Structure formats: structure tokens, C-alpha cells
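Each chain, written out:
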Amino acid sequence: MSSVIIIGGGAAGMMASIIAARNGHKVTLLEKNDKLGKKLFITGKGRCNFTNAGDSEDIFNSVVTNKKFLYSAFNSFSNYDVMGFFDELGLKFKIERGNRVFPLSDHSSDVIGTLSREMRRLDVNVELNAQVEEVLHEKGVFTGVKVHMLSDDKKKVIEADSLIVATGGNSYSSTGSTGDGYRFAKSLGHTVTQILPALVPFVVKEEWEKELQGLSLKNVHVAIYDGKREVYSEFGEMLFTHFGVSGPTVLSASSFAAGVIKIRELSLVIDLKPALTFEQLDERILRDFEEVKNKAFKNSLDKLLPKKLIPVIINLSGIDAGKQVNAITREERHRLVKLLKNLELTLTGLRGFNEAIITHGGVSVKEINPSTMESKLVKNVFFAGEVIDVDAVTGGFNLQIAWSTAYAAAMHLK
């Protein structure tokens, strides 16, 4: 029976500990927090969207960075395998819009509880408040770790045959994701690519955006442009905040725009009425205007737009708010239609790691075996989850990456 140390008690670490223990390995999991699954607890606004029920093509196409690297891991432990895994352990779950999979209870604590119970049943040795300071190796082979026990301020060396680094990335640092894994990887000679916040809200330039704070829009189409080149487009929900824009479609966009926006500003174009063509929307507005032809323009858009959005649209349209509807010209109306189909904002940057759901960048995939997750540089060291340079859009795909890479690592321990 070989011994394995797992650094990190998040999604990847917990899954790896279960699979390793089921395979007869003696497992010690080291977590620097005082409890397991701190980031998992806040995932999906506390509901924990733990995978996606789409087909294999959906899963692959949702990966933003290094999708080919994940081919083997996804095939070995698919999203259906993940659902089967949790189902066998008694977790009831449901599938919502966009094939997002949540626990039936809507409580992330049930996912953490399910994993924790199985770890206890398998006698996984969990050491909390255990901060790993150094990964030890000799002649290119892993030997052990130096640990600082925060509860009694003592330090010790734990020796083992293998190591799985499942420390997470650099996002939500309050949960313990403070980039430790990158430090360990570098100490072993690994390359760590540029680290950027991902699945994170955007900051915008326009002042009028602040008037829309708290407004959520459903069924809109958003597109991001770098000059004339479309970087990203998606249909769904978005949210205006006190600093810019957020919501599912926008968060996913940040993963595609992260590298570019550090260099230059981008354009966000919102189609508020994507189900209607220019002509159809024009006809719709004509009908609405006919019903209120003697009213002022500012009182004519109640059927078309959310209340909070109306003053902003009126202002941007350049049409006098007090102008009687029947006096609005065809040219003015067409200007309004164009505005509703192409509401444009200037994206100036991303919010920081404290608001990022995940990290873009990590340990270079060129130095990790894609079938086993083992380091190509140091024997018996494996990587799993967000510490690797892989990331995906929102919808349960990033947790699927965590489960699949953890499974691959744990299945290939010697």
C-alpha cells in the first residue's frame, strides 16, 4: 500500500482523496483552512453547480484554455460519471436551464457533506489548519512535505510516496486560494503561465451605467469586440453593477477577453431585443406609439423596457423626452431601434481576484502528462484542478475539470 499526500481540501482534493483511498492507498489530505470545501461552499451563489448535463461536445466546447489537454481526463471520468458518483453516494440532484446540475436541496453544503462522509468511511486522514511550506524532492523524485501546523504553531515533515497538488488558483483568496500551488510548482522547476482573474465582472467607462445598478436583463444577446473582431458572443442573462457589468453571459466573456483587456479597451454591444429583427422591432414600436400617440416620449416605452432602463435609453436616443409621440420622426424612431439593438458600452478592465470565480493561467500543461496528471519533471508529483492552466465558462464546467483531473491523478498513483 503506497502513501499519498494531497494538498488542498477543495473539490479536486476531496475527489482525489476518495478515489485514491478506494484504490487502497494510504491518504493524508492537508488543508490550511479550518474546514474542507470553503470555495465549494460559495460556488453557484451557495447552490453549487457541480457539473453540467450536456453531451461530451458541450463539455469540450465550454473549455476556454487548453481543451485538448483535458480530452483523456474527460473521457476517463465524464460528467455522467460525476453524476453517477454522487448518485451512488446518495446525493439527490436536479438539472436546470443550460444543463446546469445542482443538488436538489440547493445547498452546496450537501455536496461537501457527501464527499466528507465518504472520506470518513474510507479513513482518509484529514489534517486541517495544516499549511504546506515546501515540497521536498531528491534526484527528481518526490519525498515529502514540510508542514506548518497553524493550531499549535509546530512544524513537521511528512514523508510519502506520492503527492497530488490540488491547491486551487488565485481567486477568492478568502477561501484559501492564494496561489500556493504555483509556488510549489515553480520550486519543482515547473513553468507557471500568466495568472489573470477569470469569470469576473467587467469595469465600464460610461457614467450612465451607474444609473442601471442592480438591473438584471434576461434573454439579451451580448457581444464583445476588439475593434471589428468579435471576441465573444452569447445569449442569456446579464447584470448592471455600481462599477460595470456582470451576470452569467458577461462572466463567461471575461475568460475570452482576459488577455486582451490588459492591453486595450474593448466594446460590449447588447441587443436588448434579439428575438426581433430591426424591421420587426420598428413595427412593434410603431404599434406601441400608436396606442400612446398623444403622450410624451418619456411615457411611451413602459411596455418595451424595464422601468430603470427607460430614462437611460431616452437620454442616449437624442429624442426630446417631452416630445409628443406622434411628432417623433421616422429617422428618430429608427435611431431608437438601432440603439435597442446595439446598446454599446466601453470595457476598460476586469475586477480583481477577490471577485473572480476562477483563475486563468496556471501550471503549464506542456509539463504535465494529460492522461495521468503526473509532472513530467518530478516523479510521483501530480496536479489536479484549478492549479493547472485550464479553465472554462460558467455552467458547472470548471468543477467538472476539477473532478476529472483529480480522478486521473488518483487513478495513476503508483
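Going by the structure above, here's the rest.
S.K.: Even after reading the chapter, I still don't get the sheet that holds strand β17 (residues 266-271), so can you show me in this structure?
M.R.: The strands that make up a sheet pair up through hydrogen bonds in the backbone, lying either parallel or antiparallel. What the six strands build is a closed barrel, ordered β13-β16-β15-β14-β17-β18; its pairing is antiparallel. Direction aside, neighbouring strands of the sheet carry axes that sit 45 degrees apart on average. Examined bridge by bridge, β17 and strand β18 (residues 343-350) share five bridges and lie antiparallel to one another. If you follow Leu268 over to β18, its bridge partner there is Leu345. Those strands touched by helix α8 (residues 248-261) are β13 (202-204), β14 (216-226), β15 (229-240), β16 (244-246), β17 and β18, and its axis lies near 145 degrees from that of β15.

S.K.: Please clarify how the pattern of salt bridges should be interpreted in this entry.
M.R.: Think of it this way: side chains of opposite charge can pair up when their charged atoms draw near. Inspection of the entire model under this criterion finds 25 salt bridges. In this structure, the salt-bridge partner of Lys94 is Glu96, at a minimum N-O distance of 3.4 Å. Residue classification places Lys94 among the partly exposed residues on the basis of a relative accessible area of 22%. Ionic pairing is found between Lys210 and Glu207, a salt bridge with its closest N-O pair at 3.6 Å. For Lys210, a relative accessible area of 41% gives the class partly exposed. When its relative accessible area of 58% is taken as the criterion, Glu207 is described as exposed. By sharing partners, the salt bridges in this structure join Arg47, Lys94, Glu96 and Asp106 into a single network.

S.K.: Explain the packing of helix α9 (residues 278-291) against helix α11 (residues 330-341) here, please?
M.R.: Helix-helix packing is described using two parameters, namely the angle between the two axes and the distance between the axes. Interaxial distance between α9 and α11 falls to 10 Å at its minimum, and their mutual angle equals 120 degrees. When the axis of α9 is compared with that of α11, the two are oblique. Handedness of the crossing formed by α9 with α11: right-handed. Between α9 and α11, the residues in contact are Phe278, Leu281, Asp282, Ile285, Leu286 and Phe289 and Arg333, His334, Leu336, Val337, Lys338, Leu340 and Lys341, respectively. When grouped by side-chain class, the residues that make up the contact of α9 with α11 number eight nonpolar, one polar and four charged.

S.K.: What is the right way to look at the layout of surface pockets in this model?
M.R.: By rolling a water-sized probe across the atoms, one finds the places where empty space is left. Considering only enclosed or pocket space, the second largest pocket measures out at about 360 Å³ in volume. If you trace the second largest pocket, you find 19 residues lining it, with Arg100, Glu234, Ser252, Val393 and Thr394 closest to the centre. Going through the elements one at a time, β15 and α8 are the ones with two or more residues in the lining of the second largest pocket. Sort the elements by how many residues they give to the lining of the second largest pocket and β15 lands first, with five residues. The class makeup of the residues in the lining of the second largest pocket is six nonpolar, nine polar and four charged.

S.K.: Looking at this model, I keep getting lost on the pairing of strand β6 (residues 100-103). Mind explaining?
M.R.: Here β6 shows a buried face lined by Arg100 and Phe102 and a second buried face lined by Val101 and Pro103. The pairing of strand β3 (residues 51-52) with β6 spans two bridges and is classified as antiparallel. If you follow Asn52 over to β6, its bridge partner there is Arg100. Relative to β6, strand β5 (residues 93-96) runs antiparallel, the two being bridged by four bridges. Note on β6: the bridge partner recorded for Ile95 is Val101. Between the antiparallel neighbours β5 and β6 lie three residues, among them Gly98 with a positive phi of about 75 degrees.

S.K.: What should I look at first to understand the environment of Ser371 in this one?
M.R.: Inspection of the secondary structure assignment puts Ser371 in the loop between β19 (358-360) and β20 (381-383). Taking the C-alpha atoms as reference, Ser371 lies 8.4 Å from Ala409; in sequence the two are 38 residues apart. The contact partners of Ser371, leaving out residues within four places of it in the chain, are Ser72, Ala408 and His412.

S.K.: Can you help me understand the packing of helix α1 (residues 11-22) against helix α6 (residues 108-121) in this one?
M.R.: Close contact between α1 and α6 brings their axes to 10 Å; oriented N to C, the two are set at 30 degrees. Taken as axis vectors, α1 and α6 run roughly parallel relative to one another. Handedness of the crossing formed by α1 with α6: left-handed. From α1, Met14, Ser17, Ile18 and Arg22 reach across to α6, where they touch Ile112, Leu115, Ser116, Glu118 and Met119.

S.K.: Would you mind showing me how to read the packing of aromatic side chains here?
M.R.: The geometry of an aromatic ring pair is captured by two quantities: the separation of the ring centres and the angle between the planes. Going through the model one piece at a time under the given rule, you end up with 10 aromatic pairs. For the ring pair Phe50 and Phe93, a centre distance of 5.8 Å and an interplane angle of 85 degrees mean the geometry is edge-to-face. Of this pair, Phe50 sits in the loop between α2 (38-42) and β3 while Phe93 is found in strand β5, placing the two residues 43 residues apart along the sequence. What makes Phe93 partly exposed here is its relative accessible area of 25%. These aromatic residues form a ring-pair network of at least three members: Phe50, Phe77, Phe85, Phe86, Phe93, Trp403 and Tyr407. Above the face of the Phe102 ring, Arg47 is positioned so that its terminal group lies 3.8 Å from the ring centre. Over the ring of Phe243 we find Arg351; its NZ or CZ atom is 3.7 Å from the centre of that ring.

S.K.: Help me understand helix α5 (residues 79-88), please; the structure alone is not making it clear to me.
M.R.: Note that an α-helix has 3.6 residues per turn; residues three or four places apart therefore point the same way. Inspection of α5 places Asn79, Val82, Met83, Phe85 and Phe86 among the buried residues, and these make up the whole buried set. Buried residues of α5 fall within an arc of 155 degrees about the axis and therefore sit on the same side. Pointing more than 90 degrees away from the buried face of α5 are the exposed residues Asp87 and Glu88. Here α5 starts with a cap whose side-chain oxygen sits 3.2 Å from the backbone nitrogen of Tyr80, and that cap is Ser78. The first or second residue beyond α5 is Gly90, which carries a positive phi of 90 degrees.

S.K.: How should I be thinking about the nonpolar core in this particular structure?
M.R.: One recurring pattern in soluble globular proteins is that nonpolar side chains are buried together. Grouped together as the largest cluster of nonpolar side chains are 84 residues, with contacts concentrated most on Phe50, Val145 and Trp403. At 10 residues, helix α12 (residues 397-411) tops the list of elements feeding residues into this core. In contact with Val145, not counting residues within four places along its chain, are Ile5, Ile7, Leu30, Val132, Glu134, Val135, Leu136, Lys156, Val157, Ile158 and Leu163.

Conventions used here
Residues numbered from 1 in each chain as written. Predicted model: local features only at pLDDT ≥ 70, side-chain atom pairs only at ≥ 80, totals over all residues. Heavy atoms only, no water. Pairing = 2+ DSSP bridges. Helix = DSSP H or I, 4+ residues; strand = E, 2+ residues; numbered from the N terminus. Axes fitted to C-alpha atoms, helices over the stretch in contact; angles between N-to-C directions. Contact = heavy atoms within 4.5 Å. Salt bridge = Lys/Arg side-chain N within 4 Å of Asp/Glu carboxyl O. Buried < 20%, exposed > 50% of the residue type's maximum accessible area, 1.4 Å probe, protein only. Parallel < 35°, antiparallel > 145°, perpendicular 65-115°, else oblique. Left-handed = near helix turned anticlockwise from the far one by under 90°. Nonpolar A, V, L, I, M, F, W, Y, C, P; charged D, E, K, R; others polar. 1 Å grid on protein atoms, 1.4 Å probe; cavity = no way out; pocket = protein on both sides within 12 Å on 5 of 7 lines; lining within 4 Å. Points joined across faces, edges and corners; volume = space filled by probe spheres on them. Phe/Tyr/Trp six-rings, centres within 6.5 Å; stacked < 30°, edge-to-face > 60°. Lys NZ or Arg CZ within 6 Å of the ring centre and 35° of its normal. Arc of directions from axis to C-beta. Polar contact = N/O pair within 3.5 Å; in protein donor to acceptor, adjacent residues only side chain to side chain. Core = buried A, V, L, I, M, F, W, Y, C linked by side-chain atoms within 4.5 Å.

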